[in-house]
Amino acid sequence: MGRVYNFSAGPAVLPEEVLKEAAAEMLDYQGSGMSVMEMSHRSKVYDDIIKTAEADLRELMGIPENYEVLFLQGGAWTQFSAIPMNLMKNGVADYIVTGQWAKKAWQEAQKYGKAVKVASSEDETFSYIPDCSDLPIDDDADYVYICENNTIYGTKFWNLPNTKGKDLVADVSSCFLSEPVDVNKYAVIYGGVQKNIGPAGVTIVIIRKDLIRDDLAEYVPTMLKYKTQADAGSLFNTPPCYGIYICGKVFKWLKANGGLAAMKTRNEEKAKILYDFLDQSDMFKGTVRKEDRSLMNVPFITGNDELDAKFVAESKAAGLENLKGHRSVGGMRASIYNAMPKAGVEKLVEFMTEFEKANK
Ligand SMILES: *Cc1c(COP(=O)(O)O)cnc(C)c1O
């Protein structure tokens, strides 16, 4: 069987060009006589790989000099702890809970201080983004936390919250590099790369340098101090070497394809094809308030569990994989990250059109 259109939420589709390049370099990376998997992270060859990856990411996102870029392990989950441990000075942080990931982060932060839920959309199964223009932000809050794109529910913050001058921390796991970003608006931008950038195992943390401190609680693990990682250029211990190498290739691919502005245009085109279909369909319905729709994760339902199951089975047989929705929403979800070609979305809509006709 050839390659399928893979709509997985993560780990997810990667650009075919990147996979082919990696395959070609598997046995002998650029004359080094070894695979990147086999080389020392202290070697000159590897130093070039990680430094180039960082430089390309800085260029793509326009990351200012006063921000540190860290390539870490442990997934977004580890950051749910690292963020409060490193950033709580007053011991207070405000969380906007727009989905399971924000909720987990909020719950984890409660172990380290007073984590306040200042807004939530749980009353309607996280199907919208609450009004965040005038929230009761605590005077002594060390930061305001959001999950910018809600992978499970398919919502996105199209306006950042009014933090009333407090530092903004954003989990961007599922919208990383999907559009241009003004890094200056954030104190910390972070995410696992396995949604929209690279292979599972790498977490990127972009953090304003003045937030990197050494006066942390005694119990904070050495590995979870941003200072440890920043001082060592992400090479304190063995980093996820191969994963970083693939991320670097994806950064090159993004640059060769017009950068983040071009990516946004492509992503808008792809999402429009799917949302336009959903909006006119009698069978399929999007589950999210229109103005809050994500460009990356598109959940939809028929309202009939049997029909949903039939759709998932038949779409898989047609080469459209991983369309089953998250268990907390049900139905289907199409994740259409940067590397999903427009042809994949067109094929999905074609399949949905046929399915609707055949199952009236
Ligand atoms: C997948 C996901 C997570 C969890 O990521 P891990 O790397 O598995 O810890 C957290 N936040 C968001 C937005 C996600 O999509």
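Everything below is about the structure printed above this text.
Residues numbered from 1 in each chain as written. Predicted model: local features only at pLDDT ≥ 70, side-chain atom pairs only at ≥ 80, totals over all residues. Heavy atoms only, no water.

*Asks:* Quick question: what am I supposed to make of the pattern of salt bridges here?
*Replies:* In a structure, side chains of opposite charge can pair up when their charged atoms sit close to one another. Tallied over the entire structure, the rule returns 30 salt bridges. Note that D56 is salt-bridged to K252, the shortest N-O span being 2.7 Å. Of this pair, D56 sits in helix 2 (residues 44-61) while K252 sits in helix 6 (residues 241-256), and the two are 196 residues apart along the sequence. By relative accessible area, which is 5% here, D56 ends up buried. Taking the shortest distance from any N to any O, the salt bridge between E291 and R289 comes out at 3.5 Å. By relative accessible area, which is 52% here, E291 ends up exposed. Residue classification places R289 among the partly exposed residues on the basis of a relative accessible area of 36%. One connected set of salt bridges, linked through shared partners, spans E148, K156, E179, K264 and E268. (Salt bridge = Lys/Arg side-chain N within 4 Å of Asp/Glu carboxyl O. Helix = DSSP H or I, 4+ residues; strand = E, 2+ residues; numbered from the N terminus. Buried < 20%, exposed > 50% of the residue type's maximum accessible area, 1.4 Å probe, protein only.)

*Asks:* Explain the sheet that holds strand 11 (residues 285-286) to me, please; I cannot follow it from the model alone.
*Replies:* To summarise the sheet geometry, strands pair through backbone hydrogen bonds and adopt either a parallel or an antiparallel arrangement. Spatially, three strands are ordered 11-12-14 in an open sheet, and the strand pairing comes out antiparallel. For this open sheet the edge positions go to strand 11 and strand 14 (332-335), each flanked by a neighbour on one side alone. Pairing of strand 12 (residues 297-301) with strand 14, which is carried by four bridges, proceeds in the antiparallel orientation. The residue bridging V298 from the neighbouring strand is A334, located in strand 14. Running at roughly 20° to strand 12, helix 7 (residues 259-280) makes contact with strand 11, strand 12 and strand 14 of the sheet. (Pairing = 2+ DSSP bridges. Contact = heavy atoms within 4.5 Å. Axes fitted to C-alpha atoms, helices over the stretch in contact; angles between N-to-C directions.)

*Asks:* So what exactly am I meant to see when it comes to the nonpolar core here?
*Replies:* A general feature of soluble globular proteins is that nonpolar side chains tend to end up buried together. Counting residues in hydrophobic clusters, the biggest one holds 86 residues, and the most contacted among them are M61, I204, I206, F251, F284 and F311. Per-element accounting of this core gives the leading share, nine residues, to helix 6. Excluding anything up to four places from it in sequence, I206 contacts M61, I63, Y67, E68, V69, F176, V183, A187, V188 and I189. Of all hydrophobic cores here, the second largest spans 30 residues; its members include L70, A82, A115 and I152. (Core = buried A, V, L, I, M, F, W, Y, C linked by side-chain atoms within 4.5 Å.)

*Asks:* Even after reading the chapter, I still don't get unusual backbone geometry, so can you show me in this structure?
*Replies:* In terms of backbone geometry, most residues other than glycine have negative phi values and most peptide bonds are trans. The omega angle of the peptide bond from G10 to P11 is -10°, so this bond is cis rather than trans. Relative to the elements of secondary structure, P11 occurs in the loop between strand 1 (5-6) and helix 1 (16-24). One non-glycine residue, L177, lies in positive phi territory at about 65°. Position of L177 among the secondary structure elements: in the loop between strand 8 (168-171) and strand 9 (188-192).

*Asks:* It is not clear to me how the side chain of T163 should be interpreted in this structure. Could you clarify?
*Replies:* Summarising the element assignment, T163 is placed in the loop between strand 7 (155-156) and strand 8. Within the local environment of T163, its side chain forms a polar contact with the backbone oxygen of K166, the two atoms lying 2.7 Å apart. Contacts of T163, omitting those with residues within four sequence positions, involve I137, V144 and L168. (Polar contact = N/O pair within 3.5 Å; in protein donor to acceptor, adjacent residues only side chain to side chain.)

*Asks:* Is there a simple way to think about the pairing of strand 8 in this case?
*Replies:* Along any regular strand the residues' side chains alternate between the sheet's two faces. Because side chains alternate across strand 8, one face comprises the buried residues L168 and A170, and the other comprises V169 and D171, equally buried. Across four bridges, strand 5 (residues 144-147) lies against strand 8 in parallel orientation. When the bridges of strand 8 are listed, V144 appears paired with L168. Across three bridges, the pairing between strand 8 and strand 9 is parallel. Of the residues in strand 9, the one forming a bridge with A170 is I189.

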